[in-house]
Amino acid sequence: MKKVVTCSQMKLLDHGTIHNMHVPSLVLMERAALATAEEIRKYLEKKNGSGNLKKERILTVCGSGNNGGDGIAIARLLHLAGIRSEIYLAGNPDKMTEETRHQWDIAMSYQVPVMNNPVWDEYTVIVDGIFGVGLSREITGNYKEIIDHMNEAPAYKAAVDIPSGIHGDTGAVLGTAFEADLTVTFAYKKRGLCLYPGRAYAGRTVVADIGIYDRDRDGSELASKAAWHMEKSDVKTLPARKPWGNKGTFGKVLLVAGSKGMCGAACLSASAALHGGAGMVKIQTVEENRIPLQSLLPEAMLTSEFDEEANRKNLNWCDVLVIGPGLGTEGSGKERMLWFLENGAKAGKPVILDADGLNILAMHPQWMKFLGEQTILTPHMGEMSRLCGLDVSELKEDPVARAYQYAEKSGGVLVLKDACTVVTDQNEKLYLNLSGNSGMATAGSGDVLSGIIAAVLCMYLSCEEEQELSYKAALAVYIHGLCGDIAREKKGSHGMTAKDMIEALPEVLKLAEVQSKG
């Protein structure tokens, strides 16, 4: 996992490094400039071949804050490397920070050219060093005009730390924003580079180590409430499959799903659980679904009984409950959900509440009393809107804050599905998912996720090292995204389906098997 920080956390880390660890600010600035200049140079060499950079012309657009100081140093380093590089000072020279003034004096000593009225189309690379992560106001006036010119230019575009105009915490566009092909950010990824639209404006993001760490001199963690994002190496931490186990050992999933004429969601969720490694899956559904489900998924068991004795037997049998895919919101669907939600909570079973399960909950908010720390809720933005009574546009303004508020209210783990899925719990453990793609916005994708979450929970049943439920949910979300990425490679984002994600699941889980063999 890698840490993701807010603007205030980054400021705290900067301050701790400079004032507590006694690393001069100018040293950090020089390291930031070196890292960014190196990424630009690598791009140019890949484009032109090593040593053939004479036709390149770079303009670094700088503000008067420390982000501008980074930009001035980048221009100087590229100039000294023999690449035609110029500075355009967009900020007020009288308001330069001490560090930026120092970098300006160094650049002038090395005779780095300064442009006052650039012809934007003449440059092959434009570097954005106007605003850093601290920007919170809307960009207007001259700055807006400059950024619009930068965006319109046909050059390759690189941003220093974060594209100017992107809110560092929410990823929102503050009036206008620089549209980067490359963003080199420092020490840790910022939330605004994970959440959309900021992530789209950042282009390819590189995190450069410049000597800022999250530990104080006494060893304490400075940004203890930071978020995290998963990496492929985290898939390798999944518990190994015991060689002496049996299908019961590897977990039993009870899927309360499907209604008359609606068996597809149940099939996809159950199939994902089986492909994800669950030992046994039983679908509790209506009798009308028996023949199609047994034909489509013979590996799954099926029951259409719904009475106290049968329900108790099924609940006692399972290790994990999934409630909701294709369930319907009226009649027997509502009755089935209420029984298994209430009794599942009493039995302390992990419950994954998805799809129509969430819609029913929105219609009957009094049922929230059955939720708790063993519950995982997986709403997309529309379902979340119904749950909390806010417009989708309001949710998207700050999805992290909204997700945490509902997790705190429910007492469970919230998986707020979107282009960047947010996973959080009442203890403020926070994960931002960076896997996946737009091709996953297709029917059945959420049903597949519910099955993968169930499978991951099953993997940890016999694990000696217990992980928090939010971690397991976040890992399942990341795996789901990796499946989507493989499906896109094979089928393309337009043609991929939920079934393609299930077919990719064994390939993703091979990462864990390689680790266990190692």
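Predicted model only: the values in this text are computed from it and were never measured.

Peer 1: Help me understand the overall build of the chain in this model?
Peer 2: Counting its regular elements, the chain contains 18 helices and 18 strands. Against the compact-globule benchmark of 24 Å for 518 residues, the chain has a radius of gyration of 26 Å, which places it among compact chains. Viewed in the frame of its principal axes, the chain has a C-alpha envelope of about 85 × 45 × 45 Å. Residues classed as buried in the chain amount to 57% of the 518 residues present.

Peer 1: Just checking my understanding: could you explain the side chain of Arg191 for this structure?
Peer 2: Looking at where Arg191 falls in the secondary structure, it is placed in the loop between β7 (189-190) and α6 (198-202). Of the side chains with opposite charge, Asp398 lies nearest to the buried Arg191, which makes no salt bridge, at 5.5 Å. The contact partners of Arg191, leaving out residues within four places of it in the chain, are Val4, Val5, Thr6, Gly168, Asp169, Val400, Leu430 and Leu432.

Peer 1: I keep staring at the pairing of strand β16 (residues 413-416) and nothing clicks. Help me out?
Peer 2: The two faces of a sheet get side chains in turn, since along a regular strand they alternate between them. On β16, burial covers both faces: Val413 and Val415 on one face and Leu414 and Leu416 on the other are all buried. Across two bridges, the pairing between strand β15 (residues 375-377) and β16 is parallel. Residue Ile376 lies in a different strand from β16, and its bridge partner there is Val413. Inspection of the sheet shows β16 paired to strand β17 (residues 422-424) by three bridges, in the antiparallel sense. By the bridge assignment, Val415 is partnered in β17 with Val423.

Peer 1: It is not clear to me how the pattern of salt bridges should be interpreted in this structure. Could you clarify?
Peer 2: Where charged atoms from two side chains of opposite charge approach closely, those side chains can pair. Using the criterion set out here, one finds 22 salt bridges in the structure. One salt bridge in this structure joins Glu86 and Arg57, with 3.1 Å as the shortest N-O distance. Taken together, the residues span a long stretch of sequence, with Glu86 in strand β3 (residues 84-89) and Arg57 in strand β2 (residues 57-62) at a distance of 29 residues. Relative accessible area serves as the criterion here: at 11%, Arg57 is assigned to the buried category. Where Lys252 meets Asp319, a salt bridge forms, and the shortest distance between an N and an O atom there is 3.7 Å. Note that Lys252 is positioned in strand β10 (residues 252-256) and Asp319 in the loop between α10 (308-317) and β13 (320-323), a separation of 67 residues in sequence. Asp319 gets classed as partly exposed once you look at its relative accessible area, which sits at 22%.

Peer 1: Any chance you could explain helix α17 (residues 469-491) here in plain terms?
Peer 2: Given 3.6 residues per turn, any residue in an α-helix points the same way as the ones three and four places further on. Taking 1.5 Å per residue, 23 residues should reach 33 Å; α17 reaches 33 Å between its end C-alpha atoms and fits that length. The element α17 is largely enclosed, with a buried count of 19 among its 23 residues. Two residues or fewer after α17 comes Gly492, characterised by a positive phi angle close to 85°.

Peer 1: Please explain helix α3 (residues 66-80) as it appears in this structure.
Peer 2: The end-to-end C-alpha distance of α3, which contains 15 residues, comes to 21 Å, matching closely the 21 Å that a straight helix rising 1.5 Å per residue would cover. Within α3, 12 of the 15 residues are buried, which leaves it mostly tucked inside the rest of the structure. Taken as a whole, α3 has its buried residues at Asn67, Gly68, Gly69, Asp70, Gly71, Ile72, Ala73, Ile74, Ala75, Arg76, Leu77 and Leu78. Gly82, located one to two residues past α3, shows a positive phi value of around 90°.

Peer 1: Please explain the packing of aromatic side chains as it appears in this structure.
Peer 2: Note on aromatic pairs: each is described by the distance of the centres and the angle between the planes. All chains considered together, the criterion is met by five aromatic pairs. Between the aromatic rings of Tyr43 and Tyr156, the centroid separation amounts to 3.6 Å while the plane-to-plane angle is 10°, which identifies the pairing as stacked. With a gap of 113 residues between them, Tyr43 in helix α2 (residues 25-48) and Tyr156 in strand β5 (residues 156-160) connect regions that are remote in the sequence. Across from the ring centre of Phe250, 3.7 Å away, lies the NZ or CZ of Arg241, which sits over that ring.

Peer 1: Explanation requested: the pairing of β3 in the structure shown.
Peer 2: Counting buried residues along β3, five of its six residues qualify, which places the element largely inside the surrounding structure. Where β2 lies against β3, six bridges are found, and the strand directions are parallel. Of the residues in β3, the one forming a bridge with Cys62 is Leu89. In terms of handedness, the path from β2 via α3 over to β3 forms a crossover that is right-handed.

Peer 1: Explain the side chain of Ser435 to me, please; I cannot follow it from the model alone.
Peer 2: When you line up the elements, Ser435 lands in the loop between β18 (430-432) and α16 (445-459). For Ser435, the side chain forms a polar contact with the main-chain oxygen of Tyr478, separated by 2.9 Å. For Ser435, the residues in contact, after removing those within four places along its chain, are Val477, Tyr478, Gly481, Leu482 and Asp485.

Rules used in this analysis
- Residues numbered from 1 in each chain as written.
- Predicted model: local features only at pLDDT ≥ 70, side-chain atom pairs only at ≥ 80, totals over all residues.
- Heavy atoms only, no water.
- Helix = DSSP H or I, 4+ residues; strand = E, 2+ residues; numbered from the N terminus.
- Rg over C-alpha atoms; globule rule 2.2 N^0.38 Å.
- Buried < 20%, exposed > 50% of the residue type's maximum accessible area, 1.4 Å probe, protein only.
- Lys, Arg positive; Asp, Glu negative; His and termini not counted.
- Salt bridge = Lys/Arg side-chain N within 4 Å of Asp/Glu carboxyl O.
- Contact = heavy atoms within 4.5 Å.
- Pairing = 2+ DSSP bridges.
- Expected span 1.5 Å × (residues − 1).
- Phe/Tyr/Trp six-rings, centres within 6.5 Å; stacked < 30°, edge-to-face > 60°.
- Lys NZ or Arg CZ within 6 Å of the ring centre and 35° of its normal.
- Right-handed = clockwise from strand over helix to strand, strands pointing away.
- Polar contact = N/O pair within 3.5 Å; in protein donor to acceptor, adjacent residues only side chain to side chain.

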